[in-house]
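Fold and contact review
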Amino acid sequence: MAAGGRGVADPLSPAGLPCAFSPLNQAYFALASADGQLRVWETANNRLHQEYVPSAHLSGTCTCLAWAPARLQAKESPQRKKRKSEAIETSNQIDLLAIGTAVGSILLYSTVKGELHSKLISGGHDNKVNCIQWHQDNGCLYSCSDDKYIVEWNTQTCKVKCKWKGDNSSVSSLCISPDGKMLLSAGRTIKLWVLETKEIYRHFTGHATPVSTLIFTTIRPPNESQPFDGITGLYFLSGAVHDRLLNVWQVRSENKEKNAVMSFTVTDEPVYIDLTLSENKEEPVKLAVVCRDGQVHLFEHILNGYCKKPLTSNCTIQIATPGKGKKSTPKPIPILAAGFCSDKMSLLLVYGNWFQPVIERVALNSKESHMCLVRDISNCWAPKVETAVTKVRTPVVNSEAKVLVPGVPGHHAAIKPAPPQIEEVESKRKLGENEISIEERLGALDIDTKKEKDDLPQTNSFPVLLTQGLESNDFEILNKVLQTRNLNLIKRTVLRMPLHAVIPLLQELTKRLQGHPNSAVLMVQWLKCVLTVHASYLSTLPDLVPQLGTLYQLMESRVKTFQKLSHLHGKLILLITQVTASEKTKGMTCPAQKAKLVYEEESSEEESDDEIAEKDSDDNWDEDEEEKESEKDEDVDDENEEEEEDVEEKDEENGEEDRDVASEKELNGDSDLDPENESEEE
């Protein structure tokens with residue numbers, strides 16, 4: 001589980017290794033390293049107390065640890081009679097330490113003897129042991145495994161006392177109630193068992209991933225007036241894999257409420273949890289949570305019922321190295337474990353690397369919300385990179401030898417012949433001639449960086465290059481392959497790559513997705529192709545969820561705000577289209593068109609005549625004068641018509657020619673006015 005950098009191993013290991021403090025004043029700290037070795041450290045002076053290497057430490061690595069309770073160690077009956085002084089000495093010392101392994105066996109290690117005490121194998125588990133819990137009274141041991149079973153062991157006889165199926169999937173965590181009559185187990189759901197009958201008492205649901213931690217937080221119910229049956233009203237805490245929330249549950253008398261009553265939020269997945277028990281309803285619970293990112297979050301809260309909003313930490317503790325010089329930056333130091341001291345006002349921190357951890361006692365200050373401790377751990381053991389590099393020697397290769405490189409069969413690297421100029425350089429030195437130039441020295445060494453870079457990819461086959469880059473962790477080769485934009489080439493490369501390189505490729509893509517957004521666009525194309533082409537292979541992997549957990553969280557955090565952004569995007573598009581449409585209507589000019597038909601009302605003519613009357617001379621008439629004159633003309637026409645009738649009658653009667661001529665002249669003069677009047681009226 002040690003983290004590896006590019007080409008050089010990182011001596012700082014991440015949190016998450018099996019570890020535990022001893023129950024008696026936390027005098028010892030047991031830590032199982034990634035190579036399966038058990039080391040017990042003295043917390044007072046930070047000294048290695050004991051080291052134990054199991055016979056099958058490579059195949060059956062340690063998966064969980066559990067110290068035996070202090071009262072059990074004092075009650076343990078020895079196989080032979082001991083003297084009083086020896087019995088008193090052993091009763092005051094830490095003795096048994098239970099170790100769960102990846103192959104299903106459980107080892108009981110005695111720190112007093114410094115050797116293996118016993119081994120629990122027969123009739124037990126067939127798969128990895130996930131959690132071990134000691135019973136505080138009867139000396140029994142409870143264990144759970146990936147084989148879906150819970151086993152109750154008799155540590156005296158090393159035999160199985162009872163075995164029952166705990167879940168339909170693997171059982172990942174256990175916890176015994178304070179009165180010792182109930183047992184909590186967790187897989188996908190949390191179950192509360194009655195130990196005497198092995199029957200389910202309550203169900204609790206709420207975690208989407210397997211539960212990794214179960215701890216009871218109270219030993220007394222909040223309402224002390226009611227009778228207490230040992231379990232009703234108690235609170236317990238649970239943490240799950242890839243989950244940044246710690247849920248708090250309460251055991252109710254009715255079986256209706258199955259959800260968590262409150263939750264604590266942290267920055268990463270919890271890997272180690274320690275707390276101080278609350279003995280009454282007024283005493284707050286103090287919680288120390290070590291996360292996978294190496295930080296410690298401290299909580300202090302009174303458990304008094306339902307709380308909707310997740311609670312944040314009161315204080316966060318980080319440890320970093322001092323930056324030496326102006327250019328160097330401080331590096332974070334991962335915290336492996338943290339435990340409250342007996343006074344509940346100070347904290348034991350274990351940090352650094354798994355081979356030589358540093359144990360320090362830190363006083364807690366309630367006023368500070370963030371503490372960053374600067375510590376120099378350069379004195380701790382770490383492999384020296386310089387010494388490792390100087391021991392590497394380049395072998396002398398014969399010109400006829402053929403060097404094979406992993407990849408395509410028959411694929412070989414270029415072989416450089418031995419440089420012949422070195423002897424000439426040495427002869428010049430012996431003869432005492434002038435000192436040779438740097439150019440001649442470089443030429444003698446035959447260093448050509450361009451040729452080396454050109455010779456690095458020995459083939460244009462992208463699947464081979466990708467496999468070589470993943471195995472050697474070569475940044476240049478991976479960049480050459482992963483920065484292509486040809487979708488067909490990406491698909492062919494993923495189809496032809498070997499299956500064992502699929503998971504390393506997904507891990508490399510996950511790293512690059514966390515980088516610049518421009519590179520993330522290319523990585524998404526690769527990720528989509530890998531998940532679609534190799535979906536059947538990925539579904540067969542039993543540990544796919546922990547391996548792709550980081551990728552899942554990354555995608556979930558990126559997509560979390562997509563819906564809100566899409567709503568905002570739609571609203572912005574509506575606003576922009578409305579603004580552009582309004583700007584277009586303002587800037588448009590009406591085209592010049594001639595009217596096919598113009599209709600003018602009388603009012604418009606009257607207004608125009610009034611305007612003309614004001615501007616022109618007396619030759620133009622007003623509207624009233626025109627109406628009067630038109631009426632006069634009509635009267636004249638009527639009179640003329642009557643006169644014409646009278647004249648015709650007189651002519652017929654009298655036959656006078658003079659009067660006839662005069663009347664015709666008058667008729668002609670009056671008739672001339674008629675068309676003019678008619679035109680003016682029109």
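These figures come from a predicted structure and were not determined experimentally. (Residues numbered from 1 in each chain as written. Predicted model: local features only at pLDDT ≥ 70, side-chain atom pairs only at ≥ 80, totals over all residues. Heavy atoms only, no water.)

Taken together, 5 strands build an open sheet; the order of strands is 21-22-23-24-28 and the sheet is mixed. For this open sheet the edge positions go to strand 21 (270-276) and strand 28 (370-374), each flanked by a neighbour on one side alone. Looking at each pair of strands side by side, their axes are set apart by 15° on average, direction ignored. The sheet contact formed by strand 22 (residues 285-291) and strand 23 (residues 296-301) spans 6 bridges and is antiparallel. When the bridges of strand 23 are listed, Leu-287 appears paired with Phe-299. (Pairing = 2+ DSSP bridges. Helix = DSSP H or I, 4+ residues; strand = E, 2+ residues; numbered from the N terminus. Axes fitted to C-alpha atoms, helices over the stretch in contact; angles between N-to-C directions.)

Across soluble globular proteins, you tend to see nonpolar side chains buried next to one another. Formed by 33 residues in total, the largest nonpolar core has its most connected members in Phe-29, Val-296, Leu-298, Ile-317, Leu-347, Leu-349 and Tyr-351. Once you skip the residues sitting within four places of it in the chain, Leu-349 turns out to touch Val-296, Ile-317, Ile-319, Ile-335, Ala-337, Ala-338, Val-358, Ile-359, Glu-360, Val-362 and Leu-373. One finds Leu-470, Leu-482, Leu-506 and Val-530 within the second-largest nonpolar core, a separate group that totals 30 residues. (Core = buried A, V, L, I, M, F, W, Y, C linked by side-chain atoms within 4.5 Å. Buried < 20%, exposed > 50% of the residue type's maximum accessible area, 1.4 Å probe, protein only. Contact = heavy atoms within 4.5 Å.)

This part takes up the environment of Leu-237. Among the structural elements, Leu-237 can be located in strand 18 (residues 235-240). Taking the C-alpha atoms as reference, Leu-237 lies 9.7 Å from Met-262; in sequence the two are 25 residues apart. Ignoring anything within four residues of it in the chain, the contact list for Leu-237 reads Thr-213, Leu-214, Ile-215, Thr-217, Leu-246, Asn-247, Val-248, Phe-264, Ile-273, Leu-275 and Leu-287.

Given a rise of 1.5 Å per residue, 17 residues ought to cover 24 Å, and the 24 Å separating the end C-alpha atoms of helix 11 (residues 517-533) matches this to within 8%. Considered for burial, the residues of helix 11 that qualify are Ala-520, Leu-522, Met-523, Trp-526, Leu-527, Cys-529 and Val-530. Where the residues of helix 11 are buried, they touch helix 7 (462-472), helix 8 (475-482), helix 9 (487-496), helix 10 (502-513), helix 12 (535-539) and helix 14 (549-559). (Expected span 1.5 Å × (residues − 1).)

Here we come to the UniProt feature "repeat: WD" (unreviewed entry) in the protein. Here the UniProt-annotated "repeat: WD" (unreviewed entry) positions come out as residues 122-157. Across residues 122-157, the secondary structure splits into 0% helix and 50% strand, with the terminal C-alpha atoms separated by 11 Å. (UniProt positions renumbered as here; feature names shortened; annotations may be inferred.)

Take helix 9 next. Inspection of helix 9 places Ile-490, Thr-493 and Val-494 among the buried residues, and these make up the whole buried set. Around the axis of helix 9, the buried residues are gathered within 95° of arc, so they sit on the same side. Of the exposed residues in helix 9, the ones pointing more than 90 degrees away from its buried face are Asn-488, Leu-495 and Arg-496. On its buried face, helix 9 sits against helix 7 and helix 11. Of the residues flanking the start of helix 9, the one acting as N-cap is Asn-486, its side-chain oxygen 3.2 Å from the backbone nitrogen of Asn-488. (Arc of directions from axis to C-beta. Polar contact = N/O pair within 3.5 Å; in protein donor to acceptor, adjacent residues only side chain to side chain.)

Two measures define how a pair of helices packs: the angle their axes make with one another and the distance between the axes. Running from amino to carboxyl end, helix 8 crosses helix 10 at an angle of 85°, the nearest separation of the two axes being 13 Å. In terms of their interaxial angle, helix 8 and helix 10 are classed as roughly perpendicular. Contacts between helix 8 and helix 10 pair Phe-475, Leu-478, Asn-479 and Leu-482 from the former with Leu-505, Glu-508, Leu-509 and Arg-512 from the latter. (Parallel < 35°, antiparallel > 145°, perpendicular 65-115°, else oblique.)

Considering all chains together, one arrives at 4 cavities of 30 Å³ or more under this definition. Here the largest cavity defines a volume of roughly 70 Å³. Lining the largest cavity are 13 residues, with Thr-218, Ser-278, Asn-280, Lys-281 and Leu-303 positioned closest to its centre. (1 Å grid on protein atoms, 1.4 Å probe; cavity = no way out; pocket = protein on both sides within 12 Å on 5 of 7 lines; lining within 4 Å. Points joined across faces, edges and corners; volume = space filled by probe spheres on them.)

Scanning the entire structure with this criterion turns up 9 salt bridges. Close ionic contact of Lys-198 with Glu-152 constitutes a salt bridge, the shortest N to O distance being 3.5 Å. Here the residue Lys-198 occupies a position in the loop between strand 15 (190-194) and strand 16 (199-204), and Glu-152 occupies one in strand 11 (residues 149-154), the gap between them amounting to 46 residues. Given the relative accessible area of 6%, Glu-152 is considered buried. The network of salt bridges with common partners includes Glu-152, Lys-161 and Lys-198. (Salt bridge = Lys/Arg side-chain N within 4 Å of Asp/Glu carboxyl O.)

All right, on to the sheet that holds strand 13 (residues 173-176) then. Taken together, 4 strands build an open sheet; the order of strands is 13-14-15-16 and the sheet is antiparallel. Of all the strands in the sheet, the pair left with one neighbour each is strand 13 and strand 16. Neighbour to neighbour, the strand axes of the sheet diverge by 20° on average, direction disregarded. Here strand 14 (residues 182-186) pairs with strand 15 via 5 bridges, running antiparallel. Paired with Leu-184 across the strands is Leu-192, a residue of strand 15.

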